[in-house]
Each structure stands twice: as C-alpha cells, then as structure tokens.
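In case you want the letters, here they are:
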Amino acid sequence: MRILVAGGAGYIGSHICVELLEAGYEVVVIDDFSNSRPEVLGYIKEITGKDVKFYEFNILDEEKTEGVFKENKLDAVIHCAAFKAVGESVSKPIEYYTNNLMTTLIMTKMMTKYHVNNIVFSSSATVYGDPKVVPLTENCPLGETTNPYGTSKAMMERILTDVQFANPEMSVTLLRYFNPIGAHASGLIGENPKGIPNNLMPYIMKVATGELPCLGVFGDDYDTPDGTGVRDYIHVVDLAKGHVLAIEKYQEPGVHICNLGTGTGYSVLDIVHAFEKVNGIEVKYEIKPRRPGDIATCYADPTRAKEELGWVAEKTLEDMCRDTWNFAKKHQ
Ligand code: WQD
C-alpha cells in the first residue's frame, strides 16, 4: 500500500514515515520545510534503509498537489501538515486558518477526485476546549475552543466529517493527539522547531543545551496540584505507531474518532523535574503570567484506542525525557 504523508518531514510526520516504512508501506511525502528541515529525509533513510518519494511544496499549491495524486496511485492520506502552536495561533489567526483549513479543503478535493478513500487526520485534544470533566473520552463535547489553533482543528474535523457524509465510501479517522513529546531512540529525528519554541519540551531542551537562558512557566495559579498546567504527554513514537494501526484497522467507511494519549496527566513542573532527574541536568525556570488560550488540565481516557486499535502508549515519561535529550545532544 502507498500512503501520502502530508507534512511528512515534520516532527510528528517524520516519525509516522519511519513507522510506515518499517511496517512495509510505500510512503509519499509533501512538505515545504516551513516547520521542518531537508536533512530529516536523510535521517528517515538512515533509520529505515528506505526512501520516501518526496515533493517539496506547500499543499496550498493546488496544481502541484493534484500532480502528486496523478503521479501516484495512493491508498490513503495521513494529513499532518498544519501549524500547531496554541500560543502562536492567538497572535497569527489568519495564517493558522488559511494554512490549516485550505490544506484540508485541497487535500479532500483531490482525494474525492482521485478516489482515495482513506484519510487519517492529525487532530488534537484542543478541540475539546476547556474540559469540564477529565479524563476526556471521544464522546466529550467539543467545547468552546480557546485559541485559533484549536478552533482550526475543530473546523478541519467538521470539513472532513461533511466530506465523508457526501462520499459514504470514505473512511475518515480523526486522531486527537494530546501532547506529543520525545524523539526516535536513534536521536536522528525529533522536535527541533525553527526559532523560539512555542511548546514546552522543545523549550526545555533548548534551555538544557544553553541555547536559551531560562524556561518561562506560564502560570502557577491554575487549579492543579502544583498550580502549573497539566497535560497528557505522549511519546511521539507511540503516537506514530497509532497511525499505522489506524490505517490498518479503520478501513470501514465512516468517521472514526480516537484519542491518542496515555491517560496520565503531568504538570509543567513534573516535566521539568523529570527531565532534570533523568538527564542529570538543571533546567532554570521562572514563573511567568498565564499564556492566552491555555487551559488548566487536559488528559485522555485512551480506552477506545485500546479496544478498537489494540493500541496502548508503551513509553514512559522517563523515556520521553531521555529520548529528547539524546536527540538534543546529536543536533547541537
Ligand atoms: C504545555 C504546557 C503551557 C511552553 C500542544 C500543542 C498542540 C496540540 C496540543 C498536538 C501548558 C506550558 C509551554 C512554555 C510553559 N498537540 N508551557 N512554558 O499548549 O498543551 O498544546 O498540545 O496536536 O499542537 O501546541 O502544549 O507544549 O505549548 O504547553 O509553561 O514555554 O506547558 O502553559 O500548560 P499545549 P505546550
């Protein structure tokens, strides 16, 4: 089977490519390197011994996107070509809505035109908004999203659901990621955002390497055990393996919704202290004001993933911290 991974040179996309190649799939990648680097393609080859078929452009280029569908008989699409930082989206709504919604519309237009009937979409726990109840199941209401990133993901889910309704032969899978962190054990691929990181773990990583002086902890007055934000951190390799299972198990036409999380919540300071303990490194931090768009607590009930995909997150917080630092040391 041949799978198109949109955004396949990115942090999550590259880990998905590795797992797909190692599972015996052929992989086609579209990426514009807006949030990734060309050398990642070489690392994927180094890890798996296999090449992806690569196209460098932004999916907003409809003609080029159609060319990929013309040139390759695709069996499924994994769409992870989206901007994904909560904080950044608050200050850049136009970029987030344009990129995230238009890429989804163009991708689904080509899928229906070329009869590619299976899409696995990189959605997010942010679609639940500020949850009234945790842990979150897939039946929890889609709350009032608190930032343009989360709202764009909820809109992308709506688009895909409506496209499936109009094309009943399609299988649409909405994988709601919680907080992906960590890196492949090889240390070759991992999260290395351009510029100042928006997300917690890449910021911790850059403080640990000395590239940044100090971590700002966005608020310690939330209603959580230590006052800092609680999230469900999931190893990116576990997340990637969930995609391979989704491609395999969710073949039936319809809309399949699944949380990918560990079911355990950790606070910001839990992550800082775990990183320090596992790697024997101090991470300087100071408490800063809350970040606009943030919520206090969010973690998954991963029951459906286990029952329907046979998927359970296997890697521990220690693995996530160790693999992040291993990646950082190889890319300093
Ligand atoms: C985590 C916690 C911050 C940075 C992410 C992704 C999003 C989606 C959901 C996949 C919060 C705190 C952060 C910093 C901090 N994932 N923090 N200082 O906002 O939960 O959303 O997961 O689709 O793509 O953005 O993740 O890592 O930004 O924040 O204190 O410098 O760390 O307040 O409590 P978030 P995050």
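Heads up: the structure comes first, above all this text.
Because the structure is a prediction, the values reported are computed rather than measured.

Asks: Would you mind going over helix α6 (residues 148-166) in detail, with residue names and values included?
Replies: With 19 residues, α6 extends 27 Å between its outermost C-alpha atoms, agreeing within 8% with the 27 Å of an ideal straight helix rising 1.5 Å per residue. In this fold, the buried residues of α6 make contact with β4 (76-79), α4 (86-91), α5 (93-113), β5 (118-124), β6 (171-177) and β11 (254-260).

Asks: Summarise the site of the ligand; cite the residues concerned and give the values.
Replies: In the vicinity of the ligand there are 23 residues, among which Lys-84, Tyr-149, Leu-200, Arg-231 and Asp-294 approach most closely. Asn-179 places a polar side-chain atom, nitrogen or oxygen, 3.0 Å from an oxygen atom of the ligand. Backbone polar atom of Phe-218 to an oxygen atom of the ligand: 2.9 Å apart, as the coordinates give it. Protein chains shield 96% of the accessible area of the ligand, which is 680 Å² for the free molecule. Contributing elements (two or more residues each) for the shell around the ligand: β5, β7 (179-181), α7 (200-208) and β8 (215-218). Top element by residues in the shell around the ligand is β8. It accounts for four residues. Here the shell around the ligand is composed, by residue class, of twelve nonpolar, seven polar and four charged.

Asks: Could you give an account of the packing of α5 against α6, with specific residues and numbers?
Replies: Here α5 crosses α6 at 15°, and the two axes come no closer than 9 Å. Of the possible angle classes, the one that applies to α5 and α6 is roughly parallel. Helix-helix and strand crossings are classified by hand; for α5 and α6 the assignment is right-handed. Contact residues: α5 offers Pro-93, Tyr-96, Tyr-97, Asn-100, Leu-101, Thr-104, Leu-105, Thr-108 and Thr-112, while α6 offers Pro-148, Tyr-149, Thr-151, Ser-152, Met-155, Met-156, Ile-159, Leu-160 and Val-163. Its residues assigned to classes, the contact of α5 with α6 shows twelve nonpolar, six polar and no charged.

Asks: A description of the nonpolar core should follow, citing residues and the corresponding values.
Replies: Ranked by size, the top nonpolar core spans 70 residues in total, and within it Val-5, Ile-16, Leu-20, Ile-78 and Ile-204 carry the most contacts. Counting residues per element, this core draws most heavily on helix α8 (residues 236-249), at eight residues. The contact partners of Ile-78, leaving out residues within four places of it in the chain, are Ile-3, Leu-4, Val-5, Ala-6, Ile-16, Leu-20, Val-120, His-243 and Ile-247. Counting residues in each nonpolar core, the second largest holds 28 residues, with Met-110, Met-111, Val-163 and Val-172 among its members.

Rules used throughout
- Throughout this document, residue positions are counted from 1 along each chain, in the order its sequence is written.
- A pLDDT threshold of at least 70 governs which residues receive local features in this predicted model, and a stricter bar of 80 or more applies before side-chain atom pairs are shown or counted, although totals over entire chains, interfaces and linings include all residues.
- Just so you know, side-chain values use all the structure's heavy atoms and leave hydrogens and water out.
- In this description a helix means any DSSP run of H or I spanning at least four residues, a strand means any run of E spanning at least two, and both kinds are numbered starting from the N terminus.
- Between the first and last residue of a helix there are one fewer steps than residues, each counted as 1.5 Å, and that sum is the expected span.
- What makes two residues a contact is simply this: any of their non-hydrogen atoms within 4.5 Å.
- A cutoff of 4 Å decides nearness: a residue is near a molecule or strand if any of its heavy atoms lies inside that distance of it.
- Any N or O atom pair separated by 3.5 Å or less is treated as a polar contact, with the protein-specific requirement of one donor-capable and one acceptor-capable atom, and with residues adjacent in sequence counted only for side-chain atom pairs.
- Note on areas: Shrake-Rupley with a 1.4 Å probe; residue coverage comes only from the protein chains shown.
- Side-chain classes follow a simple rule in which Ala, Val, Leu, Ile, Met, Phe, Trp, Tyr, Cys and Pro form the nonpolar group, Asp, Glu, Lys and Arg form the charged group, and the remainder, Gly included, forms the polar group.
- Where helices are involved, their axes are fitted lines through C-alpha atoms of the stretch in contact, as for all axes, and angles between N-to-C directions lie from 0 to 180°.
- To sort the angles, those under 35 degrees are grouped as roughly parallel, those over 145 as roughly antiparallel, those from 65 to 115 as roughly perpendicular, and the leftovers as oblique.
- The hand of a helix crossing depends on one turn: near helix anticlockwise from the far one by less than a right angle means left-handed, and clockwise means right-handed.
- Buried Ala, Val, Leu, Ile, Met, Phe, Trp, Tyr and Cys residues form a nonpolar core when they are joined through side-chain atoms within 4.5 Å.
- Here the term buried applies to any residue with accessible area under 20% of the maximum for its type, exposed to any over 50%, and partly exposed to those in between, with areas from a 1.4 Å probe on protein chains only.

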